[in-house]
Amino acid sequence: MLMAAANSLITRETFRFFRDLARNNRTEWMEANRQRYKQSVVQPLRNLCQAMTPAMLRLDPRFDCTGRSGANFSRINRDTRFAKDKTPYRAQMYLKFSVPFSRDGETGQLYAGFAADTVTAGFRIYSGSKRKDSAWAQIAEPRLQANPRWPAQQKKRLSRRYESYWYSTEKGAWTKHSGWPVQDGKKLQGWIVRRKLTPLAATRNAFPRELSKIFRDLFPLLRFTSLRD
């Protein structure tokens, strides 16, 4: 099924659109290129979501694979009310898979991100503005306290193939740290484990299969931090 859908997935036009958007980040330009956006970004990512759905549901049947914005796709419109960057659009988009979590709290995701010059694929989790409602606070922190060696075990398993970095709160501000988390989790605000790929890799027929393998490798991170038994 992955191979059957491959011919209609990501193309060079996807990356060309993001490159042009970065240079012309204005409402007028976007409206004039709305149909191009749908053809080169929206539909290819929807096709990729559909192609990945069987593999995701084999990992866990609770994954949300409905193909909705927010659930499976990031929004290209930027909320400029609280952002330093006041350009109206993000020159990137994410395909993401997560299991619905209680009270709409933040939870872990397996994701693929597409921008003008790069593709990233991996796992990410954030504590969010309502930390107590997040999967990190409700699931990950108690498990880390019970099994403090778990991050080191994952580092041994994955560090040769994947980049890891994390964020903590230092003097009231987020601070980025390279490597694998070393704290007990109470100050951790976010954690990303990912692999960088080239745009060319994403246009190949084998890309859905490669993405599926990355998600299989990193699914134990999501299961430990976000999934209840």
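Residues numbered from 1 in each chain as written. Predicted model: local features only at pLDDT ≥ 70, side-chain atom pairs only at ≥ 80, totals over all residues. Heavy atoms only, no water.

> Help me out: how do you make sense of the overall build of the chain in this one?
Along the backbone of the chain there are 8 helices and 6 strands. Over its C-alpha trace the chain gives a radius of gyration of 18 Å, about what one expects of a compact globule, namely 17 Å for 229 residues. The dimensions of the chain, computed from C-alpha atoms along their principal axes, are 55 × 40 × 35 Å. Buried positions account for 49% of the 229 residues belonging to the chain. Considering only contacts within the chain whose residues lie at least 6 apart along the sequence, 62% involve residues at least 24 apart. (Helix = DSSP H or I, 4+ residues; strand = E, 2+ residues; numbered from the N terminus. Rg over C-alpha atoms; globule rule 2.2 N^0.38 Å. Buried < 20%, exposed > 50% of the residue type's maximum accessible area, 1.4 Å probe, protein only. Contact = heavy atoms within 4.5 Å.)

> Sorry, what's going on with the environment of F219 here?
Checked against the element boundaries, F219 lands in helix α8 (residues 207–226). Here the alpha-carbon distance between F219 and T27, two residues 192 residues apart in the chain, equals 38 Å. If near-sequence neighbours (up to four positions away) are discounted, F219 is found in contact with L59, D60, F63, L110 and L227.

> Just to check I follow, could you spell out the confidence of the model for the chain for this structure?
Interpretation of the predicted coordinates at a detailed level should be avoided for regions scoring low in pLDDT. Averaged over the chain, the pLDDT score is 91; the fraction of residues at 70 or greater is 95%. For the chain, the element scoring lowest by mean pLDDT is helix α1 (residues 2–5), at 41; strand β2 (residues 109–115) scores highest, at 98. When the criterion is pLDDT under 50, residues 1–6 qualifies, and its contacts beyond four places in sequence or with other chains add up to 10 contacts. (pLDDT = per-residue confidence, 0-100.)

> Explain the nonpolar core to me, please; I cannot follow it from the model alone.
F114 and W191 are the most contacted members of the largest nonpolar core, which totals 57 residues. Excluding its chain neighbours within four sequence positions, the residues that come into contact with W191 are F123, R124, I125, W136, W150, S164, Y165, W166, W180, P181, L221 and T225. (Core = buried A, V, L, I, M, F, W, Y, C linked by side-chain atoms within 4.5 Å.)

> When you look at the sheet that holds strand β1 (residues 92–97) in this model, what are you seeing that I'm missing?
Paired through their backbone hydrogen bonds, the strands of a sheet run either parallel or antiparallel. Within the open sheet, the 6 strands sit side by side as β1-β2-β3-β6-β4-β5. Their pairing is antiparallel. Each having just a single partner strand, β1 and β5 (173–178) make up the two edges of the open sheet. Averaged over all neighbouring strand pairs, the angle between strand axes comes to 25 degrees, with direction disregarded. Both strand β4 (residues 163–170) and strand β6 (residues 188–197) contribute to a ladder of 6 bridges, which runs antiparallel. Across the sheet, the residue bridging to E163 is R194, located in β6. (Pairing = 2+ DSSP bridges. Axes fitted to C-alpha atoms, helices over the stretch in contact; angles between N-to-C directions.)

> Whenever I open this one, the pattern of salt bridges confuses me. Can you help?
A side chain of one charge can pair with a side chain of the opposite charge when the charged atoms of the two come close. Tallied over the full model, the rule gives 10 salt bridges. For R68, the salt bridge identified is with D64, shortest N-O distance 2.8 Å. Accessibility expressed as a relative area gives 13% for D64, which makes it buried. With a closest N to O distance of 3.5 Å, K213 and D217 form a salt bridge. Of this pair, K213 and D217 both sit in helix α8, 4 residues apart, which is roughly one turn of that helix. For K213, a relative accessible area of 41% gives the class partly exposed. (Salt bridge = Lys/Arg side-chain N within 4 Å of Asp/Glu carboxyl O.)

> Looking at this structure, how should I read helix α2 (residues 12–23)?
Because an α-helix packs 3.6 residues into every turn, residues spaced three or four apart end up facing the same way. End to end, α2 covers 17 Å across 12 residues, agreeing with the expected 16 Å (1.5 Å per residue, within 8%). Where the residues of α2 are buried, they touch α3 (27–32), α4 (34–59), β1, β2, β3 (119–126) and α7 (199–202). (Expected span 1.5 Å × (residues − 1).)

> Looking at this model, I keep getting lost on the packing of helix α6 (residues 150–158) against α8. Mind explaining?
Pairs of packed helices are described in terms of their axes, by the angle between the two and the distance that separates them. Interaxial distance between α6 and α8 falls to 11 Å at its minimum, and their mutual angle equals 170 degrees. With respect to α8, the element α6 is oriented roughly antiparallel. Here W150, Q154, R157 and L158 of α6 come into contact with α8, specifically with D217, L218, P220, L221, F224 and T225. (Parallel < 35°, antiparallel > 145°, perpendicular 65-115°, else oblique.)

> Please clarify how the layout of surface pockets should be interpreted in this entry.
Empty pockets left among the atoms are what a rolling probe the size of a water molecule brings to light. Within this model, the largest pocket holds a volume of roughly 1,200 Å³. Around the largest pocket, the lining comprises 42 residues; the ones closest to its centre are K96, E106, Q109, R124 and Y126. Among the secondary structure elements, those contributing two or more residues to the lining of the largest pocket are β1, β2, β3, β4 and β6. Looking at the lining of the largest pocket, the element that brings in the most residues is β2, giving 5 residues. Residue composition of the lining of the largest pocket, by class: 16 nonpolar, 15 polar and 11 charged. Lining of the second largest pocket is provided by R78, D79, A83 and R90. In the lining of the second largest pocket, the residues fall into 1 nonpolar, no polar and 3 charged. (1 Å grid on protein atoms, 1.4 Å probe; cavity = no way out; pocket = protein on both sides within 12 Å on 5 of 7 lines; lining within 4 Å. Points joined across faces, edges and corners; volume = space filled by probe spheres on them. Nonpolar A, V, L, I, M, F, W, Y, C, P; charged D, E, K, R; others polar.)

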